[in-house]
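Understanding the architecture of this molecule
Given next are the chains, with one letter for each unit.
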Amino acid sequence: MTRQLISSGGPWEERVAYSRAVVQGDWAFVSGTTSTASDDVAAQADAALATIAAALDEGGFAMADVVRVRYLLPDAADFESCWPVLRRWFGDVRPAATMQQCALIDPAMRIEIEATAYRG
């Protein structure tokens with residue numbers, strides 16, 4: 001079984017020695033993905049999901065293949081403002097999901113999103 005490593009070219013990937021996504025067989029594991037393109041948490045969520053979609057596409061997957069997603073936020077109160085964005089990306093997919101409040105590596109980051117996809 002071939003392992004495919006996918007990079008988005010982000011600076012953290014090289015610094016911390018990880019891949020944006022790893023495809024192993026019928027599975028794709030997407031690392032925690034963030035954005036600082038905006039101060040708005042919903043805009044950050046949308047940008048992170050676009051990065052996740054691009055990584056999945058490169059590996060031969062689609063957002064419809066996502067079976068598990070994890071949302072990490074420094075402030076749990078910010079999560080509700082992301083719901084419209086999450087419905088837009090996952091409304092028909094409805095993956096298993098977890099939201100966790102925790103510190104992120106950069107204070108400008110207001111949400112980090114991790115995903116697992118399966119095509120079988």
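Look a little higher up for the structure.
Now for a look at the structure at hand. Every residue gets a number counted from 1 within its own chain, in the order that chain's sequence is written. Confidence filtering applies because this is a predicted model: local features only for residues at pLDDT of at least 70, side-chain atom pairs given and counted only at 80 or more, and all residues used for totals across whole chains, interfaces and linings. Only hydrogens and water are set aside when side-chain values are computed; all heavy atoms of the structure are taken into account.

What follows deals with unusual backbone geometry. Phi is positive for Ala-17, close to 65°, though the residue is something other than glycine. One can find Ala-17 in the loop between helix 1 (11–16) and strand 2 (21–24). When accessible area is computed with a 1.4 Å probe and restricted to protein chains, residues below 20% of their type maximum are described as buried, those above 50% as exposed, and intermediate ones as partly exposed. Residue class for Ala-17 comes out exposed when judged on its relative accessible area of 68%. With a phi angle near 50°, Arg-94 is a residue other than glycine that sits in the positive phi range. Numbering of helices and strands runs from the N terminus; a helix is a DSSP stretch of H or I covering at least four residues, while a strand is a stretch of E covering at least two. Along the chain, Arg-94 falls in the loop between helix 3 (83–90) and strand 5 (96–101). Overall, Arg-94 belongs to the exposed group, its relative accessible area being 69%.

A pair of strands is considered paired only if DSSP assigns at least 2 bridges between the two. As summarised here, the arrangement of the 6 strands in space is 1-2-3-6-4-5, forming an open sheet in which the pairing is mixed. Looking at strand neighbours, the two that pair on one side only are strand 1 (3–6) and strand 5, the edges of this open sheet. With strand direction ignored, the average angle separating the axes of adjacent strands in the sheet is 10°. Across 5 bridges, the pairing between strand 3 (residues 27–33) and strand 6 (residues 112–118) is antiparallel. To obtain an axis, a line is fitted to C-alpha atoms, over the contacting stretch when the element is a helix, and the angle between two such axes runs from 0 to 180 degrees between their N-to-C directions.

Take Ser-19: it is sitting in the loop between helix 1 and strand 2. Looking at Ser-19, the relative accessible area reads 19%, which means it is buried. The sequence separation of Ser-19 and Ala-55 amounts to 36 residues, and the corresponding C-alpha distance is 10.0 Å. Residues count as neighbours in contact if any of their non-hydrogen atoms are within 4.5 Å of one another. If near-sequence neighbours (up to four positions away) are discounted, Ser-19 is found in contact with Leu-5, Ile-6 and Ser-31.

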